[in-house]
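In case you want the letters, here they are:
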Amino acid sequence: MAQIPAAALSGVRVIEMGQLIAGPFCGKTLGEFGAEVIKIEAPGAGDPLRNWRLMQNGTSVWWQVQSRNKRSVALDLRQTEAQQIARQLIAEADVLVENFRPGTLEGWGMSPEQLHALNPRLVILRISGYGQTGPYRDLPGFGVIGEAMGGLRHLTAEPGRVPVRVGVSIGDTLAALHGVIGVMMALYHHKVNGGPGQVIDVALHEAVFNCMESLIPEYSAFGAVREAAGSALPGIAPSNAYPCEDGWVLVAGNGDSIFKRLMTAIGREDLAQAPDLADNMGRVARVEEIDAAIGDWTRGRRVQAVMQELARARVPAGKLYTARDIAEDPHYRARDMLLAQTTRDGDQLLVPGIVPKLSLTPGTLRSSAPHVGEDTDAVLAEAGLSTEQIALLRSKGVIQ
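The text that follows walks through the structure, step by step, so that each part is easy to find. Small disclaimer: the values here were computed from a predicted structure and weren't measured. (Residues numbered from 1 in each chain as written. Predicted model: local features only at pLDDT ≥ 70, side-chain atom pairs only at ≥ 80, totals over all residues. Heavy atoms only, no water.)

**Some details on the overall build of the protein**
Step number 1: For the protein, the helix and strand inventory stands at 18 helices and 13 strands.
Step number 2: Across its three principal directions, the C-alpha atoms of the protein cover 85 × 50 × 45 Å.
Step number 3: Going through the 400 residues of the protein one by one, you find that 45% of them count as buried.
Step number 4: At a minimum sequence separation of 6, the contacts of the protein that also span at least 24 residues come to 66%.
Step number 5: In the structure as shown, the protein presents an accessible area of about 20,100 Å², 57% of it carried by carbon and sulfur atoms.
Step number 6: Of the side-chain charges in the protein, 38 are positive and 44 negative, and the distance between the mean point of each set is 3 Å. (Helix = DSSP H or I, 4+ residues; strand = E, 2+ residues; numbered from the N terminus. Buried < 20%, exposed > 50% of the residue type's maximum accessible area, 1.4 Å probe, protein only. Contact = heavy atoms within 4.5 Å. Areas by Shrake-Rupley, 256 points an atom, 1.4 Å probe, with all protein chains shown as cover. Lys, Arg positive; Asp, Glu negative; His and termini not counted. Charge placed at Lys NZ, Arg CZ, Asp CG, Glu CD.)

**What to know about the packing of helix 10 (residues 256–265) against helix 13 (residues 287–299)**
Helix packing for two helices is described by the angle between their axes and how far apart those axes are.
Step number 1: Running from N to C, helix 10 and helix 13 cross one another at 45°; their axes reach a closest spacing of 10 Å. Taken together, helix 10 and helix 13 sit at an angle that is classed as oblique. Classified by chirality, the crossing of helix 13 by helix 10 is left-handed. In this structure, helix 10 contributes Phe259, Leu262, Met263 and Ala265 to the contact, and helix 13 contributes Ile290, Ile294 and Trp297.
Step number 2: Along the lines of polarity and charge, the residues of the contact of helix 10 with helix 13 split into seven nonpolar, no polar and no charged. (Axes fitted to C-alpha atoms, helices over the stretch in contact; angles between N-to-C directions. Parallel < 35°, antiparallel > 145°, perpendicular 65-115°, else oblique. Left-handed = near helix turned anticlockwise from the far one by under 90°. Nonpolar A, V, L, I, M, F, W, Y, C, P; charged D, E, K, R; others polar.)

**Describing the side chain of Asn69**
Step number 1: Residue placement: Asn69 occurs in the loop between helix 2 (61–66) and strand 5 (70–74).
Step number 2: Within the structure, the side chain of Asn69 is placed 2.9 Å from the backbone oxygen of Thr364, a separation counted as a polar contact.
Step number 3: Within the structure, Asn69 has its side chain in polar contact with the backbone nitrogen of Arg366 (distance 2.6 Å).
Step number 4: Other than its neighbours up to four places away in sequence, Asn69 contacts Gly31, Glu32, Val37, Thr364, Leu365, Arg366, Ser367 and Ser368. (Polar contact = N/O pair within 3.5 Å; in protein donor to acceptor, adjacent residues only side chain to side chain.)

**Considering the side chain of Thr376**
Step number 1: Tracing the sequence through the fold places Thr376 in helix 17 (residues 376–382).
Step number 2: Not counting the four nearest positions on each side in its chain, Thr376 is found in contact with Ser72, Val73, Ala74, Arg394, Ile399 and Gln400.

**Overview of the nonpolar core**
Step number 1: Counting residues in each nonpolar core, the largest one holds 32 residues, and the members touching the most others are Val14, Leu30, Val95, Leu125 and Val183.
Step number 2: Secondary-structure elements contributing two or more residues to this core are helix 1 (22–32), strand 6 (95–98), strand 7 (123–128), helix 7 (170–191), strand 8 (199–203) and helix 8 (204–209).
Step number 3: Element by element, the count of residues in this core is highest for helix 7, at seven residues.
Step number 4: If we skip the residues at most four places from it in the chain, Val14 touches Leu30, Ala35, Glu36, Val37, Ile38, Val95 and Val97.
Step number 5: Ile15, Ile90, Leu380 and Val398 belong to the second largest nonpolar core, which has 28 residues in total. (Core = buried A, V, L, I, M, F, W, Y, C linked by side-chain atoms within 4.5 Å.)

**Side note on the sheet that holds strand 10 (residues 247–252)**
Step number 1: What the three strands build is an open sheet, ordered 9-10-11; its pairing is antiparallel. Taken across any chain shown, the strands that pair with only one partner, and hence form the sheet edges, are strand 9 (239–244) and strand 11 (317–319). The sheet shows a mean angle of 25° between the axes of neighbouring strands, direction not considered.
Step number 2: Across three bridges, strand 10 lies against strand 11 in antiparallel orientation. Along strand 11, the bridge assignment pairs Leu250 with Gly318. (Pairing = 2+ DSSP bridges.)

**A closer look at the pattern of salt bridges**
Step number 1: Applying the stated criterion across every chain yields a total of 26 salt bridges.
Step number 2: Between Asp276 and Arg286 there is a salt bridge; the shortest N-O distance is 2.9 Å. One end of the pair, Asp276, is in the loop between helix 11 (269–272) and helix 12 (280–285); the other, Arg286, is in the loop between helix 12 and helix 13, with ten residues separating them in the sequence.
Step number 3: On the basis of relative accessibility, which here comes to 25%, the residue Arg286 falls in the partly exposed class.
Step number 4: Of the charged contacts in the structure, one is a salt bridge between Asp296 and Arg299, with a shortest N-O distance of 3.2 Å. Pair noted here: Asp296 and Arg299 are both in helix 13, with a separation of three residues, about one helical turn.
Step number 5: When its relative accessible area of 46% is taken as the criterion, Arg299 is described as partly exposed.
Step number 6: Several salt bridges converge on common partners, so that one network encompasses Arg13, Glu36, Arg71 and Glu382. (Salt bridge = Lys/Arg side-chain N within 4 Å of Asp/Glu carboxyl O.)

**Description of the packing of aromatic side chains**
Step number 1: Under the defined criterion, the tally for this structure stands at four aromatic pairs.
Step number 2: Relative to Trp108, the ring of Phe100 has its centre 5.3 Å away and its plane inclined at 80°; by these criteria the two rings are edge-to-face. Considered together, Phe100 and Trp108 belong to a single accessibility category, that of buried residues.
Step number 3: An angle of 80° between the planes, with centres 5.8 Å apart, marks the rings of Tyr130 and Tyr136 as edge-to-face.
Step number 4: Positioned over the ring face of Phe25 is Lys28, at 4.8 Å from the centre of the ring.
Step number 5: The ring of Tyr321 is capped by Lys319, whose NZ or CZ atom sits 5.2 Å from the centre of that ring. (Phe/Tyr/Trp six-rings, centres within 6.5 Å; stacked < 30°, edge-to-face > 60°. Lys NZ or Arg CZ within 6 Å of the ring centre and 35° of its normal.)

**Remarks on the sheet that holds strand 1 (residues 13–16)**
Step number 1: On the basis of which strands lie adjacent, the open sheet formed by six strands has the order 5-2-1-6-7-8 and parallel pairing. Sheet topology places strand 5 and strand 8 at the edges, where each strand pairs with a single neighbour. The mean angle between the axes of side-by-side strands here comes to 20°, regardless of whether they run parallel or antiparallel.
Step number 2: Across three bridges, strand 1 lies against strand 6 in parallel orientation. In the sheet register, Val14 faces strand 6, and the bridge partner there is Val95.

**A closer look at helix 13**
Step number 1: The end-to-end C-alpha distance of helix 13 is 18 Å, a good match for the 18 Å that 13 residues give at a rise of 1.5 Å each.
Step number 2: Within helix 13 the residues assigned to the buried category are Ile290, Asp291, Ala293, Ile294, Gly295, Trp297 and Thr298.
Step number 3: Elements that come into contact with the buried residues of helix 13 comprise strand 9, strand 10, helix 10, helix 11, helix 12 and helix 14 (303–312). (Expected span 1.5 Å × (residues − 1).)

As far as function goes, none of this settles anything; it's purely spatial.
Written as structure tokens, this is what we have:
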């Protein structure tokens, strides 16, 4: 029988000291691929995310996704004894994840220099609004502010109308994913190249800015300031949302050969064969005409019929998925992107699957999200504290 390989991050211990979204999303991702993630949160209410958005049995269902595969240790880090326990746990860890305001760790006697003196191999991921340096470092920053400063929010609107948010905390998530990349690079540097631990400094706005494509080169070369364009993709044509009888359909016909197939499919052979539309620059010059032609064709059809016809023509097209559409979609289920999870309270919940898909060491859902401090005693006992010491710390309110 073939031996089942260990999880990709088996043996990696992560201490997560962040809260809400960016830091914990990073911890979630590392935990899904086998890392042991010990989440340190405040006694009592714990991570504020436990109480965000829709609740089931007093706990956010978002929490059930964000903190799966984690162990919860409740420490009051305002107290010296709790800080000492945190240092003791960090001394045996591979990775520390934190997303506090810059200076918070230093105030607890846990600067990178102090932590590396305890644990030279430690990888420290620090996610903050503006980074650990620079004139804005001490300003409070949330994901939506990072989206604005990173250049994204200026573009998410119809021309002349109020900029709208993406609808999810994309700034936080982008920062978390950049943090995961940094952690993996730093672990590789240590484990393969023998290098010491290091600090990864991720700023929310920089993570967003890193995804802004040609925004700055276009300004540098031409003085061009990209503006909001609604559902279109400026400079690339055709790529837009088009009206149907029962909703909207997205069509991406911007490849040269794809454009010809699209125009043929909608009965506009004249546009398919027009020499000046053979490349993107020519199509951009006539984008309003092209969009009007596609819209005239889609407007008299239902979304599903449009998608079927364009699929036959091998033109990328898709509808706007709602939560119901995702939950009922056979492709999502076929790729294990909808998983059944039982919460600690016994509730059945459908949750997102795991990305990316690894062929030999795929991510797994090993445990549901913990209650506040559920693993405090076990983790502290593993760290060498006696039952009497743990009881004394609890009596002092240091732990829960």
